[in-house]
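Given next are the chains, with one letter for each unit.
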Amino acid sequence: MTAAAAGAAAISLPRIALARPAVTSSDNPGTNFIWTPLSRDGAAFRASMGTGDGGNSLIFRKEGFAVLIDTKNAPLGRLIANDALLAFGFNIFESDQALVINTHHHADHTGGNHGFVGKVPVLAHKKAAERIRAQFENYKKAAAAAIRQANASTDEAGKRRKNQIMGMEKEVESWVADTFAPTQVMESDRQEVKVGPITLLLRHFGAGHTDNDVVVYSPELNVLHTGDLLFNKVWPYVDRAGGFSSTGWINSLSRTLELCDKDTIIVPGHGDLTNRSGIRALIDLLLSQSQRARDAVKAGQSREEFIKIPTPEYAEYAAADWIRPITLGGMYDEAKAFTP
Ligand SMILES: [Zn+2]
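Keep in mind that what you see is a predicted model, and the values were worked out from it rather than measured.

Asker: Help me understand the environment of Ala 337 in this model?
Answerer: Relative to the assigned elements, Ala 337 resides in helix H11 (residues 323-337). For Ala 337, a count of 9 C-beta atoms within 10 Å corresponds to the exposed category.

Structure, rendered in structure tokens:
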């Protein structure tokens, strides 16, 4: 049996009342994630950003068609589908056509793929597909931990979650690489994707945050999901084994800016909604900190010394305690690798 079939057999949507009007983030206390509507005019074409439990997700929806970008942590695929039903009255699995896109391979953006593979096409960059397959044991570990945590929770949100992932232990044990693997890969680094009346532009600009980053842009709504090429006011996660390149990242962000005008709504991989200023701020951080790392290596400073040096100019950036050492340490290692 393929993993996709195993996953599909074990997943069924619980019955949830359909009659809910258009969403705002505050009028859906029953959803698992916070959904913020992005459409300017409330027209038939909607985009909503979902925050919580991993990278930011984005749903584009028009008529009976939908595109979901990024699927958060394992084992939350079913919960995203449940939210779409609860918040938008939209059943992804009974839509005229739906598509899931992964912006890159990291498990906090692909962990919910198990809820969609085998039911809805899942599209990613070719290199993401390889890396997703290779890390399936990580999804199993994360899912087992999340189920244990949910089972122990006593607050309202925790109980709600417990109900939705209850009994998934067996399913998690059966997961294999195919459970998460994208079923389609990008045909080229510049691709237009059509799902019914929804048209999206996908762009891969080379190595950056990883070696498989994809940005997704809707020209009609002027909404862009950067994946983790943008951490907005959050220390950017550096993953050298995943293909990180500081110059590539800066280049990818500069190319992304070319897709945007002053009104573009930008959904970052992590952090709040922003506009071009968010991208420019991260370019500045990457430029300044990678230069600092090169200078430190040249001056013979140790890695430990370097990552301890305060960065008061980024005092308001989130995740300073755990990502900042990874950002700076990764940049130091990169600089060292390029130093003869
Ligand atoms: Zn990432």
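Asker: I would appreciate a short explanation of the domain arrangement of the chain in the present structure.
Answerer: One frequent convention defines the size of an interface as the accessible area lost when the parts assemble. Under the domain assignment used here, the chain contains domain 1 (3-229 + 239-276) and domain 2 (283-337). Distance between the C-alpha centres of domain 1 and domain 2: 30 Å. Listed per partner, the contact involves 7 residues of domain 1 and 8 residues of domain 2. Across the side of domain 1 that touches domain 2, the residue classes break down as 4 nonpolar, 2 polar and 1 charged.

Asker: It is not clear to me how the packing of helix H9 (residues 276-298) against H11 should be interpreted in this structure. Could you clarify?
Answerer: Taken N-terminus to C-terminus, the directions of H9 and H11 make an angle of 55 degrees; their axes are 8 Å apart at the nearest point. Overall, the two elements H9 and H11 adopt an arrangement that is oblique. Seen from above, H9 lies across H11 with right-handed handedness. The segment H9 lies against H11, with Gln 289, Ser 290, Ala 293, Arg 294, Ala 296 and Val 297 engaging Thr 327, Leu 328, Met 331, Tyr 332, Ala 335 and Lys 336.

Asker: Would you explain the environment of Arg 280 in this entry?
Answerer: Along the chain, Arg 280 falls in helix H9. Overall, Arg 280 belongs to the partly exposed group, with 14 C-beta atoms counted inside 10 Å. On a C-alpha basis, the gap between Arg 280 and Leu 253 in space is 8.1 Å, while along the polypeptide they are 27 residues apart.

What counts and what doesn't
- Residues numbered from 1 in each chain as written.
- Predicted model: local features only at pLDDT ≥ 70, side-chain atom pairs only at ≥ 80, totals over all residues.
- Helix = DSSP H or I, 4+ residues; strand = E, 2+ residues; numbered from the N terminus.
- Buried ≥ 20, exposed ≤ 12 C-beta atoms within 10 Å, placed from the backbone.
- Domains from an automatic or database assignment.
- Contact = placed C-beta atoms within 7 Å.
- Nonpolar A, V, L, I, M, F, W, Y, C, P; charged D, E, K, R; others polar.
- Axes fitted to C-alpha atoms, helices over the stretch in contact; angles between N-to-C directions.
- Parallel < 35°, antiparallel > 145°, perpendicular 65-115°, else oblique.
- Left-handed = near helix turned anticlockwise from the far one by under 90°.

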